[in-house]
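Fold and contact review
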Amino acid sequence: MLKILKYSFYDLMRSRWSYVYFAFYLLLGIVLLFLNNDLSKAVITLMNVIIILVPLIGTIFGVMYYYNSKEFTELLLAQPLKRSSIFLGQYLGVAISLSMSLILGLGLPFVFYGLFESSAIWDFSLLLITGTFLTLIFTALAFNIALSNENKIKGFGYAILLWLFLAVIYDGIFLLVLIGFEEYPLDKVSLIGTMLNPIDLSRTLILLKLDISALLGYTGAIFKQFFGTNYGLIVSFIALSLWVIVPVLRIVYKSKKKDF
Amino acid sequence: MKKLVVFMCVILMTGPIIAQTLEVCKTCAITSVQAAIIQAKAFDTIVVKKGVYKEHNLNVDKPLTIIGRNQPVIDGELKGEIITIISDNVTIDGLMIKNVGTSYTSDYAAIRVKRSKNFTIQNVVLEKLFFGIYVERSSDGKILNNKIIGDAVEEYNSGNGIQLWYSKNIQIENNTVQHVRDGIYLEFSDFCTIKNNLSSLNVRYGLHFMFSNDDVYEDNVFSNNGAGVAVMFSKRIKMYNNLFKDNWGTASYGMLLKEINDAEIIGNTFHDNTIGISIEGSNRIIYKHNNFRNNGWAIKVRGACYTNTFTENNFLYNSFDIAYNSNVNDNTFDRNYWSSYTGYDLNKNGIGDIPYRPVKLFSYIVNRTPETIILLRSMFIDIIDFSEKVSPVFTPDDLLDNNPLMKKAIW
C-alpha cells in the first residue's frame, strides 16, 4: 500500500494541478495578509474559503484522479496486490497531496507574517486542521462516487451534487426545519443537525473561535456550552473522524466487490 | 461699593476663624466620630485621624466638614447604616467606610444624604457595602473621586453603588464603582452630570436611569457589566463620548434604551458587546459619530421606534449591523460607514453610488427563530441575504443608507 501511496503522491506532486492549487493558496494567503491590514477579517475570508472551496476541490480532484488513473489501476489489479491497498494507496496519495498544498500554501505566508509570535496561532491551526479533515472527507466521498459510477459524466455530476448538497442545500433544509418547528425546543435538534454535516460542523467550530459574541446571545449559550468546551471539541473531532472512516471503509468494501 | 467689598472680606476672613477644628483619634480628647459630631457646632471641621472606628448610625445634622487624614476606617460591623447626612452644606472627605449592614426591608447605605443641599462627598473609599452613596430628595451636590468596591453576586440581595432618588443638579465625577448591583442609579433625578466614571463588573447595570430627565453623562467607561447602561422612561438625556465594552453574555448589551425620547448619543464607542444598543419604544434620538466595533449586533431595534437619525457612525465588523423585528421603518440612516458595504464610488466623492441595506434577512430570521444563529456565515445564508438585498420582502424596503461612506467617518 505504501508503494502505491508513494507512487500516487509523486505522480500528483509532478502534476500541474497540485502546483496550481498550492500557488492559489499561497497567493490567497499573501494577498489576505499583506494587502489587508485587518487580521480578523483575513481569518474570516479564509474560513469562507476553507469551508466552501476545500470540499469542492477535494471532490473534483478525487473524482478526476480516479477516472484519469483508471487504466493504470486496471494494470495494477492484474498484479498480485491486495485491492484495498491499491485503492487506499491512491486515496491517501490524493488526500495527502491536497492537504499538503493547503497547509503549505496557507501556512507559509502566515509564518512569514509572524504567526508564531501572535496569539492567533490556535485559531489558525484549527483552520488548518478542519481544512485537512474536509479534504480527507471529501476526497473519500469522491472516491466512493467514482467507484460506484462507471460513467464519468454521471460521476462528476453526482460529485458536484454532493458538494452542493452539503455546502448549500443542507443548510436550506436545516433552516426550514428550524423555522417550521420554531414552537418546539430546538437546541438539541440544531446541535445534531450541525454534527451531521461536516461543512456545518467545521464552520461552527471555527466560528466559535472567531465570532463568539453573536453566538453568545440568548440561544448561542448552548452552542458555546457544547462546542466551546473540550468535551464538545472532542465530540466534534470524533464526528469529523467518523466522516473520514465510514467512506474509507466503504471504499475498501466496494473495491473488493467491484468487477473491473 | 467699597464698603461692600470690605464687608465681604471681613466675612471671608472671619469665617474660618469662627469655625473650630475638632480632631478625632484614639489618643485625642475626642475618640469617636459620633462624639465629635455631637460636640461640633455648625460649620466646624472634624478631622478624623488614622485608625479604625467601629461606629454606625452617625447622624450629621449640622453643616460640618468631616475630613479623614490618612484614610481612617469607619467600620459599621454590618449593623446598619453608617453616615446619614440630614443637613445642608456637609462635606465628607477621605474616609474609608466598610461593612454596611444588609437588610431586606430597608436600604442601608454607607453614606445617605437626606433632604440636603450643597453637599460634597469626595475621596471616599467604600467596601463591603449594601448601598454605597444614597442621595434622596437632595440637590446641588458633588460626588467626586470615590471608590466603591462591593461584593455583590445576586441581584436580589445587593444594593447600588451610587443611587440618586428625587434629586437635582448632582455632579458625579471620577468615581470607580465595581461589583455592586447597579453602578450608578438615578431615579426621578434631573439635571445631573455624570462624568469620567469607571463602572465595571457590576451584577446588573453600569449606569441606570429611571424617570430621570435632562441628565448628561460623558467620558465614562462601562465594561464587563451585566449590561452597560440602561436608560428607561427618561427624556432629553445626553450621552457623549462614553466607552461601552465587553458587556458580554447571553442577555447583555452595551446600552438599553426603553421609552426614551429626544436623547442625543454622540461620540460613543461600543466594542465587543453581545448587543451594542438595544432600542425599544424610543423616539427622536440622534445617533452621531459613534463607533460600533466587533459587536454581535450593533443595534437591535425591537419596535415602536420613530424618527431616530443615525448619521456618520462607523459600523465595523459586527456580526449584524442592524436588526429589526418588523418591516416598518421610520428611522433615517445617512452617511454612515459600513464595513460590509460592497458598493463602488465612480465619481470619487467619498460616498458610495448604490445605497446600503443594513438589515439582513438573516437577522430577521434569527429574531424569529433564535436557534438559526447556528447557520451564521453559511453559504446558503449568504445567498438568501443577497437575494433579499436585491428585492426586499421581509426586511423594511425603505431602510437604506442612501449615502454610505467609502471610508471610515472621522470627526
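Residues numbered from 1 in each chain as written. Chains lettered and ligands numbered in written order. Predicted model: local features only at pLDDT ≥ 70, side-chain atom pairs only at ≥ 80, totals over all residues.

To continue, consider the sheet that holds strand 16 (residues 162-165) of chain B. All names here are of chain B. What the 12 strands build is an open sheet, ordered 4-7-10-13-16-19-22-25-28-31-34-37; its pairing is parallel. The open sheet has two edge strands with one neighbour each: strand 4 (58-60) and strand 37 (320-324). Adjacent strand axes in the sheet meet at a mean angle of 10°, parallel and antiparallel pairs treated alike. Bridge count for strand 13 (residues 131-136) against strand 16 is 4 bridges, and the pairing is parallel. (Pairing = 2+ DSSP bridges. Helix = DSSP H or I, 4+ residues; strand = E, 2+ residues; numbered from the N terminus. Axes fitted to C-alpha atoms, helices over the stretch in contact; angles between N-to-C directions.)

The next point concerns the nonpolar core. Ala110(B) and Ile111(B) are the most contacted members of the largest nonpolar core, which has 167 residues in total. Tallying contributions element by element places helix 6 (residues 121-148) of chain A first for this core, with 12 residues. Formed jointly, this core draws a minimum of three residues from each of two domains, domain 1 (29-225) and domain 2 (245-411) of chain B. With residues up to four places along the chain from it excluded, the contact list for Ile111(B) reads Ile82(B), Ile83(B), Ile85(B), Ile92(B), Ile97(B), Ile121(B) and Ile133(B). (Core = buried A, V, L, I, M, F, W, Y, C linked by C-beta atoms within 7 Å. Buried ≥ 20, exposed ≤ 12 C-beta atoms within 10 Å, placed from the backbone. Domains from an automatic or database assignment. Contact = placed C-beta atoms within 7 Å.)

A word on the pairing of strand 5 (residues 65-68) of chain B. All names here are of chain B. Burial along strand 5 is one-sided: Ile66 and Gly68 are buried, and none of Thr65 and Ile67, which face the opposite way, are. Taken together, the 4 bridges between strand 2 (residues 45-48) and strand 5 define a ladder with parallel strand orientation. Within strand 5, the residue paired with Val47 across the bridge is Ile67. Across 3 bridges, the pairing between strand 5 and strand 8 (residues 91-93) is parallel. If you follow Ile66 over to strand 8, its bridge partner there is Ile92.

Before going further, it helps to examine the environment of Ile121(B). All names here are of chain B. Within the fold, Ile121 resides in strand 11 (residues 120-122). Overall, the presence of 28 C-beta atoms within 10 Å leaves Ile121 in the buried class. For Ile121, the residues in contact, after removing those within four places along its chain, are Ile92, Ile111, Ile133, Ile143 and Asn146.

We now examine unusual backbone geometry. All names here are of chain B. Of note, the phi angle at Asn123 is positive, near 50°, even though the residue is not glycine. Backbone geometry at Glu259 places phi at a positive 50°, although glycine is not the residue there. Looking at the element boundaries, Glu259 is found in strand 28 (residues 255-261). Under the C-beta neighbour-count criterion, Glu259 is labelled partly exposed, with 15 such atoms within 10 Å.

Residue and element names in this part refer to chain B. Those places that UniProt annotates as "domain: Carbohydrate-binding/sugar hydrolysis" (unreviewed entry) correspond, in this numbering, to residues 48-187 and 194-354. As annotated, residues 48-187 comprises 0% helix and 43% strand, and the C-alpha atoms at either end are separated by 33 Å. Here residues 194-354 runs as 0% helix and 48% strand, with 41 Å between its end C-alpha atoms. (UniProt positions renumbered as here; feature names shortened; annotations may be inferred.)

Here helix 3 (residues 361-368) of chain B has its buried residues at Phe362(B), Ser363(B), Tyr364(B), Ile365(B) and Val366(B). Next to the buried residues of helix 3 of chain B lie strand 37 and helix 4 (379-390) of chain B.

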